[in-house]
Amino acid sequence: MSKKPVPQPWHPAPYDPDGVDTMAIKALAAGKATEGQQKRALNWIINSVCGTYDQPYRPGEGGDRDTVFACAKQFVGQQIVKHINMPVPTRTEPK
């Protein structure tokens, strides 16, 4: 069984060649995304761009710098997921 090569953290994130991911991101940026486009855009950002749930460790020569780069991307994804899952505080007085 051959191993799939680990993508380098600085490589561009994979995306749908039919443009569905691109259309979802553009619609999100324009504030006109459908529910499905919003979910697709966030999924692409969290999983493909940030590699939030990937193993960040990169062995070998230069692995320390590659690992740090992967960890930085992961941190962004973790912050997004944190806010998605965080309960919204209730306010008693308007600020």
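Residues numbered from 1 in each chain as written. Predicted model: local features only at pLDDT ≥ 70, side-chain atom pairs only at ≥ 80, totals over all residues. Heavy atoms only, no water.

Before going further, it helps to spend a moment on the overall build of the protein. Of regular secondary structure, the protein possesses three helices and zero strands. Scanning the protein from its N terminus toward the C terminus, one meets helices and strands in the order α-α-α. Taking 2.2 N^0.38 as the reference for a compact globule, 95 residues should give roughly 12 Å; the C-alpha atoms of the protein span a radius of gyration of 17 Å, well beyond that estimate. Here the protein holds 95 residues, and 24% of them are scored as buried. A sequence separation of at least 24 residues applies to 48% of the contacts in the protein between residues at least 6 apart. Carbon and sulfur atoms form 59% of the exposed surface of the protein, whose accessible area is close to 7800 Å². (Helix = DSSP H or I, 4+ residues; strand = E, 2+ residues; numbered from the N terminus. Rg over C-alpha atoms; globule rule 2.2 N^0.38 Å. Buried < 20%, exposed > 50% of the residue type's maximum accessible area, 1.4 Å probe, protein only. Contact = heavy atoms within 4.5 Å. Areas by Shrake-Rupley, 256 points an atom, 1.4 Å probe, with all protein chains shown as cover.)

For Pro 7, the position within the fold is in the segment before α1 (20-30). Sequence separation between Pro 7 and Arg 58 is 51 residues; the distance between their C-alpha atoms is 9.8 Å.

On to the side chain of Asp 21, then. Residue placement: Asp 21 occurs in helix α1. Note on Asp 21: relative accessible area 9%, which makes it buried. A distance of 2.7 Å separates the side chain of Asp 21 from the backbone nitrogen of Asp 16, its partner in a polar contact. Side-chain polar atoms of Asp 21 contact the side chain of Arg 40, separated by 2.6 Å. Each residue touching Asp 21, except ones within four places of it in the same chain, is listed here: Tyr 15, Asp 16, Arg 40 and Trp 44. (Polar contact = N/O pair within 3.5 Å; in protein donor to acceptor, adjacent residues only side chain to side chain.)

This brings us to the packing of α1 against helix α2 (residues 35-49). Running from amino to carboxyl end, α1 crosses α2 at an angle of 110 degrees, the nearest separation of the two axes being 8 Å. When the axis of α1 is compared with that of α2, the two are roughly perpendicular. Residues Val 20, Asp 21, Met 23, Ala 24, Ile 25, Ala 27 and Leu 28 of α1 form the contact with α2, whose own contacting residues are Gln 37, Gln 38, Arg 40, Ala 41, Trp 44 and Ile 45. Of the residues belonging to the contact of α1 with α2, the class tally is nine nonpolar, two polar and two charged. (Axes fitted to C-alpha atoms, helices over the stretch in contact; angles between N-to-C directions. Parallel < 35°, antiparallel > 145°, perpendicular 65-115°, else oblique. Nonpolar A, V, L, I, M, F, W, Y, C, P; charged D, E, K, R; others polar.)

Turning our attention to helix α3 (residues 63-85). What sets the pattern is the α-helix's 3.6 residues per turn: residues three or four places apart point alike. Relative to the 33 Å expected for 23 residues at 1.5 Å per residue, α3 spans 32 Å between its end C-alpha atoms, a close match to the ideal helical length. Residues of α3 that are buried include every one of Gly 63, Asp 66, Thr 67, Ala 70, Gln 74, Gly 77 and Val 81, and no others. For α3, the elements touching its buried residues are α2. (Expected span 1.5 Å × (residues − 1).)

By themselves, these are just geometric observations and shouldn't be taken as functional.
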